[in-house]
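Structural features, examined
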Amino acid sequence: MPKSVSLHTLGCKLNYSETSTLAGKFHNNGFDLKEYGEKSDIFVLNTCSVTDNADKECRQIIRSVLGRNPDTYIIVTGCYAQLQPHEIAEIHGVDLVLGANEKFKLFDYVNGFEKKELSCVFTSPINEATEFEYAYSSDVESRTRAFLKIQDGCDYNCSFCTIPLARGASRSQDITSVIENAKKLLDGGYKEIVLTGVNTGDYNFTDSSGKNLKLIDVLRELDKLNIPRIRISSIEPNLLTDEIIQLVKSSNSFCSHFHIPLQSGDPETLKLMRRRYNRDFYENLILKINEEIPGCGIGVDVIVGFPGETDERFNNTYSFLDTLPVSYLHVFTYSERRNTHAVTMPGRVGVNIRKERSRILRELSNRKKQKFYQDNAGNVNKVLFETIREDNNIYGFTENYIKVRTTANASLENNIFPFEITVADSWKFAEGRITG
Ligand code: SF4
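Residues numbered from 1 in each chain as written. Predicted model: local features only at pLDDT ≥ 70, side-chain atom pairs only at ≥ 80, totals over all residues. Heavy atoms only, no water.

**So, the domain arrangement of the protein chain**
In terms of domains, the protein chain is made up of domain 1 (4-122), domain 2 (136-373) and domain 3 (380-434). Taking only C-alpha atoms, the centre of domain 1 and the centre of domain 2 are 28 Å apart. Where domain 1 abuts domain 2, roughly 1,500 Å² becomes buried across the two surfaces, and 53% of that area is made up of carbon and sulfur atoms. On the surface where domain 1 and domain 2 come into contact, there are three salt bridges. Across the pair Arg 167 and Glu 18 runs a salt bridge, and its minimum N-O distance is 3.0 Å. Elements represented by at least two residues in the side of domain 1 that touches domain 2 include exactly α1 (13-28) and α3 (79-83). A per-element tally of the side of domain 1 that touches domain 2 places α1 first, with eight residues. Each residue belonging to the side of domain 1 that touches domain 2 can be placed in one class, and the counts come to six nonpolar, eight polar and five charged. (Domains from an automatic or database assignment. Buried area = accessible area lost by both parts, 1.4 Å probe. Salt bridge = Lys/Arg side-chain N within 4 Å of Asp/Glu carboxyl O. Helix = DSSP H or I, 4+ residues; strand = E, 2+ residues; numbered from the N terminus. Nonpolar A, V, L, I, M, F, W, Y, C, P; charged D, E, K, R; others polar.)

Right, here's the structure in full:
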């Protein structure tokens, strides 16, 4: 009977938290957990549908695992497994493919973990009855930060996105469990909880008394727990309400940091993407946050190379972001996804142009980040330090998401200290000194 398992995750924070839950199930069933890269009897790959060349990446990872141990029993799950199970089943060496509904019930589907000639596929259609499975995960290196899943799925229909197909309709963790799980993480020594979901802002739960609860209700309850830090991982602009901004402004727990997907600064492209806001709305939101919470860190997701993105449309995005007071960008290069509306649209952008636009926006992001760091020079901000690195430095993040570095000192690890930024000449990190 196999006794050891290693797991690997592709994709988002939500996937990481779900892999941790799977690891917990193996642990509870008596398995030894091995690091990814170590030899193990079973290997689980939790895939993502957003990854470019998902198929190629899966093959490469599986080949390298089997290269270390040809007898490893290979399980593939996650969004790509839900969307293209048979494509995965054809990859040499794959033993079991589990869809979204089957992922957390893997011990119901297999017990012997014996390699056979053919792979088994268990998937079912995603629908509104799809269950919610609680998940949380921690930083691999430290117990500094935990990702807590509070919502799954999405009811939006952005024209480029396959996530609703892979994860189903929006559904939310009941508020009592969210609070209990947050308390457990706090008791476990975590200093920061990051709330995750596919569309976290769309949190919607009706409790036993019939009261309908939204994200703000969960945030208010979490705020009462005196958690040192809470971050909202990402929130759609149309769901970031004034109440949420005011709570973050007044709270001692919530970090002054938002990550707000924009996707395009060109009005026409935004419409084609079927986003639920326009450029003016987004701009006003960013200006309002800056006014209410000066120094707030603001990250922006943006996609380049969407169909129909002419030079003029790309320049619209560039100039919009150039002047917008945000602190960094996450740049994604558009790639065609089966079964999306965007794949049928005219105006395909050449791959080299996509790459070049991505490079241009990444450079802009570095400049914006460095400027944000410089604007914070001289400020004292609370930093949560992580683990000491091999270069004998320790890194951490301020509440407003500035990465800082200072000389290692064991007392700093997984603790929060006031820190003054004195040197901010790089976008990679700022330096400074502990002031308390
Ligand atoms: S909001 Fe749009 S991009 Fe985000 S998961 Fe839902 S459909 Fe996809």
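Once the structure has been displayed, the description carries forward.
**As for the packing of helix α7 (residues 175-187) against helix α8 (residues 215-223)**
Here α7 crosses α8 at 35 degrees, and the two axes come no closer than 10 Å. The element α7 and its partner α8 pack so that their crossing is right-handed. Along its contact with α7, which presents Ile 175, Val 178, Ile 179 and Ala 182, the element α8 presents Asp 217, Val 218, Glu 221 and Leu 222. Of the residues that constitute the contact of α7 with α8, the class distribution is six nonpolar, no polar and two charged. (Axes fitted to C-alpha atoms, helices over the stretch in contact; angles between N-to-C directions. Left-handed = near helix turned anticlockwise from the far one by under 90°. Contact = heavy atoms within 4.5 Å.)

**Observations regarding the packing of aromatic side chains**
Evaluation of the coordinates by the stated rule reveals 17 aromatic pairs. Arranged with centres 5.2 Å apart and planes meeting at 90 degrees, the rings of Phe 26 and Phe 31 form a pair that is edge-to-face. Here the aromatic cluster, defined as three or more aromatic residues joined through ring pairs, consists of Phe 26, Phe 31, Tyr 73, Phe 107 and Phe 113. In this structure, Lys 3 packs its charged tip against the face of Phe 31, placed 5.6 Å from the ring centre. Sitting over the face of the ring of Tyr 156, Arg 276 holds its NZ or CZ atom 3.6 Å from the ring centroid. (Phe/Tyr/Trp six-rings, centres within 6.5 Å; stacked < 30°, edge-to-face > 60°. Lys NZ or Arg CZ within 6 Å of the ring centre and 35° of its normal.)

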